[in-house]
Amino acid sequence: MQNRTFVESFVKKRLGLFGLLGVLVIVSLGLLAPLISAYPKGYGTEILLPPSEKFWFGTDGLGLDLFAQVVWGARTSLYVSFVAVMVAAVIGIPAGLISGYKKGLLGSLIDGIIDIFLTLPVLPLMIVIAAVVGSSITNVAVVIGLLAWPSLARVTRNSTLKVSELQFIEAARCVGISPRMILFKHILLNIAGPVLVNLTLVMATAVLSESGLSFLGLGDPTTWSWGTILKKAWDAGAVIDTPNPWWWWFFTSSFIMIYVICFNLLGSGINDALNPKTRD
Amino acid sequence: MRKKKNVAFLSALLVIVMLLITACGSTGTTPTTPTPADSKPKVGGSLVVGLTGDPYNLAPWVSNDINASMMMNIALPTLMVTDKEGKKVPYIMKDYKISSDAKVYTVTINDGLTWHDGKPFTTDDLAFTAKYIVDKKLGYGADMYSGVVKTEIVDKTTIKYTLKTPQVNFLTQVGYWVPIMPKHIYENVADPMKFQFDGTGYGPYKLKEYKKGEYYTFTRVPNWPLANNGQGAYLDTITYRVYPDANALILAIKNGEVNVSGSAIPVAAQKQLEASADKFGIMRVNSLGFGYFGFNYKNELLKDNNVRKAIAMTIDRDALVNIAMQGGAIKMDTPISPVYKDLVKSQIKFPAFDIEGAKKVLDAAGYIDRDNDGIRESATGKKLEFELIYKTATPNIDAIANVFKANAEKAGLRINLKPVDPATYADRVVKQKNFDINVIDWGVIDDPDSSLGTIYLSNASLNMMGYKNDTIDKLILQSQVEPDYNKRIQLMNNFQTEFAKEIPTVNAWVRVNAYGYSKDFSGWDLTPGLYGLVDSKDLVKVYKK
């Protein structure tokens, strides 16, 4: 019953559905990249061609197909997002649950740590860590995840605080259910909405962060990611060139924007559908 | 709620549209204005030079800072400059003689020069520089003057340097790289690193005022003897302005805030200025350096001459210069840069680009793809898989590496790209020599007939390849002490024959340095070298139209 109401309510909110469609398109692009186009490598003679039937998004300064780059870039972006979300979830969710449920010293200590991490300037720190650990796409994804967990932990903690005061939790405690069971079954299930929404936001910001780091030259230049494509365009002067090969930076930037917007819309769609107040 | 969402969606759309408008705005062209007709050179006018970094200080001897030496070059010009072919010719120096054993240099300087504070500029200053710079260990100048055992002042314009060992490039090195120090200022300075030098020079311009990090203004020295038949330079003042990067500098040139770029500008920026050809000009000159792919002899597979030869045959120089470097370079298929015409007249070349040929060389040497994975293996089963390491900061280097990788893989080699930051590169390649293949773009390798030893001698610190060849060593050392230029050419031909056979590095391109200038000024000239259009000897000829 609950599920059907969620689906119905989600479908009713068109923006959430729009977000989901966008996400599905990008996920399929990423997953099916090898079937859609060949991995762009080497160089060709058809340099800086504008979009055409043969090259939908045109070609870059090395004569490589930009559509193929964007498709393979989607794969990298999804990978980065997924790894970052996993890292953030593995640290952030238990930290938030424990600090919200345990009210003693442990709770305050974890809460303090979350606060400290939330005050850290994320981008400069990310740049420093990425520079130290080296430029591999997995390193970049882990770094992003390591700096994304505090906001997830904070959301989890706040929701846990609310739910743990409810009577059914008290009842569970009375009948002797173990705290671990209470935390991960009864509480986590009931706070899934806000946590899920936050996870979609981490997905979106992970791509932005990866693009930013790659653009600054801290990404992995040997892998196609949207940030790498933009960096190559910037390095080759495509942004200031006259006449301007706008297709080199336009499609990739658009995909980054669409990706972020779709994940945000999906997140807020899920939130609205799960929240009884906004369900109708 | 729905209303709220619609607002959010519309805002997102608005942001996209605004971003697009902003991005498109940057591609607009500058409105054109009529330029005044060419006129005869005359004294007057002010020129603004744009630098992409603040000069470290006013004393070029104490730092290895290109902005400092570029700017101070008009106050402290060097004894020698380069001519159109990159050869060193006298400038502040009038004439020189080298003894037959290349150990005694007799140098005559031009008469009539004075320091900007009125003191005469004499050979005393030259002798002082040679000693002081070594005593105080001042940068590369100390290395260049280190061979001098005695200086002898013959008269106020003639000096004799005696060297410990024969060294044919002594004068072209110190004469081109190290300006003369004012004895009357520095003789009482115990610690030159802490001393605040006021910029007193002997050149066509003297420093008037400056604000560190912002601008440096120089005024004309009237009747400076070596410019325009003793008339002195034309421009009244020259101001060097500091910009954070090349993009900001190009914008300033387009706005008319800056009249000429100090350092070379990237290809995209060149196109931007060329789009307003009525207002701006671009002058290009080949770099004195070159780019190469180097092989580490510590790698057993790369030690095999057949593997190096095959890799050399996979290098498509046309693609490197036209595609990867966007036309901002020329091909180099001789071991010595084609900029030095006399040295490459012999036309001794590396093996030409021929992937099929490379395959045959590898087949014949027993490198065959036995497991059909696209990569060849040696007889002992070692795969021809190499790491190509390079500095990410070098312009176009990613594209260069990708072109190299694509062709090498066609011949059955696997290349793994390893882009690193300059510090890691210095540590792994220069210090530890822990790499397979490296690709580098050398900025300046001047006097190749005597200076190639810094890269290729067995014991040279920059011989990252760990290449050892007695014949090469002998030829380089002979050339370093051979005063006769024609004999040096012959020695360098022998060097190139051996080099093209051995292939410790595949030299592939020479970057073309381009400089942008305003057409409100005329008289621009350019030779290969360090300072582009703002080389003292050329800048004195520039005048306002």
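Reading the values: rules and limits
Residues numbered from 1 in each chain as written. Chains lettered and ligands numbered in written order. Predicted model: local features only at pLDDT ≥ 70, side-chain atom pairs only at ≥ 80, totals over all residues. Heavy atoms only, no water. Helix = DSSP H or I, 4+ residues; strand = E, 2+ residues; numbered from the N terminus. Buried < 20%, exposed > 50% of the residue type's maximum accessible area, 1.4 Å probe, protein only. Contact = heavy atoms within 4.5 Å. Areas by Shrake-Rupley, 256 points an atom, 1.4 Å probe, with all protein chains shown as cover. Lys, Arg positive; Asp, Glu negative; His and termini not counted. Charge placed at Lys NZ, Arg CZ, Asp CG, Glu CD. Phe/Tyr/Trp six-rings, centres within 6.5 Å; stacked < 30°, edge-to-face > 60°. Lys NZ or Arg CZ within 6 Å of the ring centre and 35° of its normal. Salt bridge = Lys/Arg side-chain N within 4 Å of Asp/Glu carboxyl O. Pairing = 2+ DSSP bridges. Axes fitted to C-alpha atoms, helices over the stretch in contact; angles between N-to-C directions. 1 Å grid on protein atoms, 1.4 Å probe; cavity = no way out; pocket = protein on both sides within 12 Å on 5 of 7 lines; lining within 4 Å. Points joined across faces, edges and corners; volume = space filled by probe spheres on them. Nonpolar A, V, L, I, M, F, W, Y, C, P; charged D, E, K, R; others polar. Patch = residues over 30% accessible without salt bridge, like charges linked within 9 Å, V, L, I, M, F, W, Y side chains within 5 Å. Parallel < 35°, antiparallel > 145°, perpendicular 65-115°, else oblique. pLDDT = per-residue confidence, 0-100.

Caption draft 1: A look at the overall build of chain A. Helix and strand counts for chain A stand at 12 helices and 0 strands. Element order for chain A, N to C, with α for helix and β for strand: α-α-α-α-α-α-α-α-α-α-α-α. Dimensions of chain A along its principal axes, counting C-alpha atoms only, are 75 × 45 × 30 Å. Each of the 280 residues in chain A was classed as buried or not, and the buried ones make up 51%. In chain A, once contacts between residues fewer than 6 apart in sequence are set aside, the share between residues at least 24 apart is 70%. Total accessible area on chain A is roughly 13,200 Å²; 70% of this is exposed by carbon and sulfur atoms. Computed over 19 positive and 15 negative side-chain charges, the separation of the two mean positions in chain A equals 12 Å.

Caption draft 2: Representation of the overall build of chain B in the model. Within chain B, the secondary structure is distributed over 19 helices and 20 strands. Reported as C-alpha extents along the three principal axes, the dimensions of chain B are approximately 85 × 80 × 45 Å. Looking at the 545 residues of chain B, the share that counts as buried comes to 56%. Partitioning the contacts of chain B with sequence separation of at least 6, the portion at a separation of at least 24 is 69%. On chain B, roughly 22,600 Å² of surface is accessible, and the fraction owed to carbon and sulfur atoms is 53%. Side chains of chain B give 66 positive and 59 negative charges; the mean places of these two sets differ by 3 Å.

Caption draft 3: Looking closely at unusual backbone geometry. Residue and element names in this part refer to chain A. Backbone geometry at Leu48 places phi at a positive 50°, although glycine is not the residue there. Tracing the sequence through the fold places Leu48 in the loop between helix H3 (33-36) and helix H4 (66-101). The exposure class of Leu48 is partly exposed, given its relative accessible area of 26%.

Caption draft 4: A look at the packing of aromatic side chains. The tally for this structure, following the rule as stated, stands at 43 aromatic pairs over all chains. For the ring pair Phe57(A) and Phe251(A), a centre distance of 4.2 Å and an interplane angle of 5° mean the geometry is stacked. Taken together, the residues Phe57(A) in the loop between H3 and H4 and Phe251(A) in helix H12 (residues 246-274) connect sequence positions 194 residues apart. Owing to a relative accessible area of 12%, Phe57(A) belongs among the buried residues under this scheme. The ring of Trp224(A) has Lys232(A) lying over it, and the distance from NZ or CZ to the ring centre is 4.8 Å. The aromatic ring of Phe521(B) is capped on one face by Lys544(B), whose charged end is 5.2 Å from the ring centroid.

Caption draft 5: Inspection of the pattern of salt bridges at higher detail. Residue and element names in this part refer to chain B. Applying the stated rule across the entire model yields 33 salt bridges over all chains. We note a salt bridge from Arg284 to Glu274, for which the minimum N-O separation is 2.9 Å. Pair noted here: Arg284 is in strand E12 (residues 280-286) and Glu274 is in helix H8 (residues 267-274), with a separation of 10 residues, a long-range link. Its relative accessible area of 42% is what places Arg284 among the partly exposed residues. Under the relative-accessibility criterion, Glu274 is labelled partly exposed at 38%. Members of the salt-bridge network, linked through shared partners, are Lys84, Asp525, Asp535, Lys537, Asp538 and Lys541.

Caption draft 6: Looking closely at the pairing of strand E13 (residues 291-295) of chain B. Residues and elements named next belong to chain B. Along E13, 5 of the 5 residues are buried, which leaves the element largely enclosed by surrounding structure. Direction of pairing for E13 relative to strand E18 (residues 505-518): antiparallel, over a ladder of 4 bridges. Note on E18: the bridge partner recorded for Gly291 is Trp509.

Caption draft 7: Seen up close, the sheet that holds strand E4 (residues 93-98) of chain B. Residue and element names in this part refer to chain B. Within the open sheet, the 4 strands sit side by side as E4-E5-E7-E6. Their pairing is antiparallel. The open sheet terminates on both sides in strands that have one partner only, identified here as E4 and strand E6 (148-155). Each adjacent strand pair in this sheet contributes to an overall mean axis angle of 20°, direction not counted. The pairing of E6 with strand E7 (residues 158-163) spans 6 bridges and is classified as antiparallel. Pairing of Asp155 across the sheet is with Thr158, part of E7. Those strands touched by helix H5 (residues 170-177) are E4, strand E5 (104-109), E6 and E7, and its axis lies near 35° from that of E5.

Caption draft 8: Geometry of the side chain of Thr123(B). Residues and elements named next belong to chain B. Mapped onto the fold, Thr123 is located in helix H3 (residues 123-135). With relative accessibility at 1%, the residue Thr123 sits in the buried group. With residues near it in sequence (within four places) discarded, Thr123 still touches Ile109, Ile153, Asp155, Lys156, Thr157, Thr158 and Ile159.

Caption draft 9: Here's a closer look at the side chain of Ser225(A). All names here are of chain A. Relative to the assigned elements, Ser225 resides in the loop between helix H10 (192-215) and helix H11 (226-235). In this structure Ser225 comes out as buried when scored by relative accessible area, which is 0%. Ser225 has contacts with Gly73, Thr76, Glu210 and Ser214, leaving out every residue within four places of it along the chain.

Caption draft 10: Structural context of the pairing of E4(B). All names here are of chain B. In terms of strand pairing, E4 meets E5 through 5 bridges, oriented antiparallel. Along E5, the bridge assignment pairs Ile98 with Tyr105. As consecutive antiparallel partners, E4 and E5 are separated by 5 residues, and within that stretch Ala102 has a phi angle of approximately 55°, a positive value.

Caption draft 11: Representation of empty space enclosed by the protein. All names here are of chain B. One pass over the full model with this rule turns up 3 cavities of 30 Å³ or more. Lining the largest cavity, in full, are Pro60, Trp61, Ser63, Ile133, Leu138, Tyr140, Gly141, Trp177, Val178 and Pro179. In the lining of the largest cavity, the residues fall into 8 nonpolar, 2 polar and no charged. Taken as a whole, the second largest cavity holds about 40 Å³ of empty space. Looking at the lining of the second largest cavity residue by residue, the class counts come to 4 nonpolar, 3 polar and no charged.

Caption draft 12: View of a nonpolar patch on the surface. On the surface, Leu31(A), Leu32(A), Leu35(A) and Ile36(A) cluster together into a nonpolar patch covering about 420 Å² of accessible area. Tracing the backbone shows Leu31(A) in helix H2 (residues 14-31).

Caption draft 13: Spatial organisation of the packing of H2(A) against H4(A). All names here are of chain A. Relative orientation of the contacting elements H2 and H4 amounts to 105°, with a least axis distance of 7 Å. The pairing of H2 with H4 is recorded here as roughly perpendicular in orientation. On H4, the residues that touch Ile26, Val27, Leu29, Gly30 and Leu31 of H2 are Val71, Ala74, Arg75 and Leu78. Split by residue class, the contact of H2 with H4 holds 7 nonpolar, 1 polar and 1 charged.

Caption draft 14: Region of interest: the confidence of the model for chain B. Residue and element names in this part refer to chain B. Counting all residues, the mean pLDDT for chain B is 89, and 93% of those residues have values of 70 or more. Confidence drops under a pLDDT of 50 for residues 1-37, and excluding neighbours within four residues, the segment shows 33 contacts in the predicted structure. We note a pTM of 0.79 for the whole complex and an ipTM of 0.75 for its interfaces.

Caption draft 15: Examining the environment of Leu49(A) more closely. Locating Leu49(A) in the fold gives a position in the loop between H3 and H4. Given the relative accessible area of 29%, Leu49(A) is considered partly exposed.

Caption draft 16: Focus on the packing of H4(A) against helix H9 (residues 179-190) of chain A. Residues and elements named next belong to chain A. Contact pair H4 / H9: the axes reach a minimum separation of 11 Å and the direction vectors enclose 110°. Accordingly, the angle class assigned to the pair H4 and H9 is roughly perpendicular. Taken together, the residues of H9 that come into contact with H4 (itself represented by Ile93, Leu97, Ile98 and Tyr101) are Pro179, Ile182, Leu183, Phe184, Ile187 and Leu188. In the contact of H4 with H9, the residues fall into 10 nonpolar, no polar and no charged.

Caption draft 17: Seen up close, the confidence of the model for chain A. Per-residue confidence for chain A gives a mean pLDDT of 87; residues scoring 70 or more make up 97%. Taken element by element, the predicted model of chain A shows its lowest mean pLDDT in helix H1 (residues 2-12) of chain A (71) and its highest in H4(A) (93).

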